[in-house]
Amino acid sequence: MRTLSSSSSSGDQTQPSRSQSEPAVPAPNSPAKPVWRGGFIRGFGYAFEGIFYTLRTQRNMLVHLAIGLVAVGLGLWLGLTTPEWVALLATMALVYCLEMVNTVVEALVDLVTDRQYHPLAKVAKDVGAGAVLVAAIFALAVGLVLFLPRLWPLVWHLFIRG
């Protein structure tokens, strides 16, 4: 913890000084821990816990996942090109990531407000949900651009032309 101590000399400004409880910065030549031990690998476990938490607790994430699986199935069936796969997968990733960020926003707002109503808490939650909605609408547009030209002849032949 940093403390401010004033100098007793003539009019010097306060200077920060390190307290006894503040840890010293390690020496530049001190041996570093191996990257693979401890925190790095453990971090992947925490990340997967976050993904599974979102899948367990957020109904909309399951809806997005189901629609994404349908889109991947359609993409395989219709033979999307590589650039089309990139567009589809990037759009899916954006929706999934925003759903997870929205889950973080909701959890933090609930933590800070102790689940009590506050107008700014409502703004935070609404804007987070709005971000997911905007991404989902654009994902729908990407899906229409990718799939409709391929599906329209089939729909025309089976249902309209008879």
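Residues numbered from 1 in each chain as written. Predicted model: local features only at pLDDT ≥ 70, side-chain atom pairs only at ≥ 80, totals over all residues. Heavy atoms only, no water.

Digging into the pattern of salt bridges
Between side chains of opposite charge, pairing is possible as soon as their charged atoms come close. What counts here: Salt bridge, as used here, is a side-chain nitrogen of Lys or Arg placed within 4 Å of a carboxyl oxygen of Asp or Glu. Secondary structure elements follow DSSP: runs of H or I no shorter than four residues count as helices, runs of E no shorter than two count as strands, and numbering proceeds from the N terminus. A simple rule labels every residue: compare its accessible area, found with a 1.4 Å probe on the protein chains alone, to the largest value its type can have, and call it buried under 20%, exposed over 50%, or partly exposed in between.
Inspection of every chain in the model, using the stated rule, returns four salt bridges. Among the salt bridges present, the one from R150 reaches E84, with a minimum N-O distance of 2.8 Å. You can see R150 sitting in helix α4 (residues 119-160) and its partner E84 sitting in helix α3 (residues 82-113), a full 66 residues away along the chain. Exposure remark for R150: the relative accessible area of 27% places this residue in the partly exposed category. In this structure E84 comes out as buried when scored by relative accessible area, which is 19%.

Considerations on the environment of R150
Rules: Here a residue-residue contact requires only that any non-hydrogen atoms of the pair lie within 4.5 Å.
Sequence separation of R150 and G79 is 71 residues, and the distance between their C-alpha atoms is 9.6 Å. Apart from residues lying up to four places away in sequence, R150 is in contact with L78, G79, L80, T81 and E84.

A word on the packing of helix α2 (residues 59-78) against α4
Rules: Think of each axis as a best-fit line through the C-alpha atoms, taken over the contacting stretch in the case of a helix, with angles from 0 to 180 degrees between the N-to-C directions. Roughly parallel here means an angle under 35 degrees, roughly antiparallel means over 145, roughly perpendicular means 65 to 115, and every remaining angle is called oblique. Less than a right angle of anticlockwise turn of the near helix away from the far helix marks a crossing as left-handed, whereas a clockwise turn marks it as right-handed. Only Asp, Glu, Lys and Arg are considered charged, only Ala, Val, Leu, Ile, Met, Phe, Trp, Tyr, Cys and Pro nonpolar, and every remaining residue, Gly among them, polar.
Between α2 and α4, the least distance of the axes is 11 Å, while the angle of their chain directions is 30 degrees. Classified by the angle between their axes, α2 and α4 sit roughly parallel to one another. For α2 against α4, the interelement crossing comes out left-handed. Across the interface between the two elements, H64, A71, L74, G75, W77 and L78 of α2 pack against V132, A136, F147, R150, L151 and L154 of α4. For the contact of α2 with α4, the class distribution of residues is nine nonpolar, two polar and one charged.

Let's talk about the nonpolar core
The condition is simple: As used here, the term nonpolar core means buried Ala, Val, Leu, Ile, Met, Phe, Trp, Tyr and Cys residues forming a set that is joined through side-chain atoms within 4.5 Å.
Counting residues in hydrophobic clusters, the biggest one holds 10 residues: M61, A71, L78, L80, W85, L88, M92, Y96, L146 and F147. Sorting the residues of this core by element identifies α2, α3 and α4 as the ones contributing at least two each. Take this core: its biggest share by element is four residues, from α3. Contacts of W85, omitting those with residues within four sequence positions, involve V72, G75, L76 and L80.

So, unusual backbone geometry
In this structure, D114 takes a positive phi of about 55 degrees despite not being glycine. Among the residues examined, D114 registers a relative accessible area of 59% and is labelled exposed. A positive phi angle, close to 60 degrees, is found at R115, a residue other than glycine.

A word on a nonpolar patch on the surface
Where we set the bar: In this scheme, patches are assembled from residues that exceed 30% relative accessible area and form no salt bridge. Like charges are connected within 9 Å, while nonpolar side chains (Val, Leu, Ile, Met, Phe, Trp, Tyr) are connected within 5 Å. What sets the accessible areas is the Shrake-Rupley method with a 1.4 Å probe; for residues, cover comes only from the shown protein chains.
A surface patch of nonpolar side chains, amounting to about 1,200 Å² of accessible area, comprises W77, L140, L144, L148, W152, L154, V155, W156, L158, F159 and I160. A per-element tally of the nonpolar patch places α4 first, with 10 residues. Looking at the element boundaries, L158 is found in helix α4.

Quick look at the confidence of the model for the protein
Using the following cut-off: Known as pLDDT, the predictor's confidence for each residue is given on a scale from 0 to 100.
In this model, the protein carries an average pLDDT of 85, and 76% of its residues clear a pLDDT of 70 or more. Here residues 1-16 is a poorly scored stretch, pLDDT under 50, and it has 17 contacts once near neighbours within four places are set aside; other chains count.

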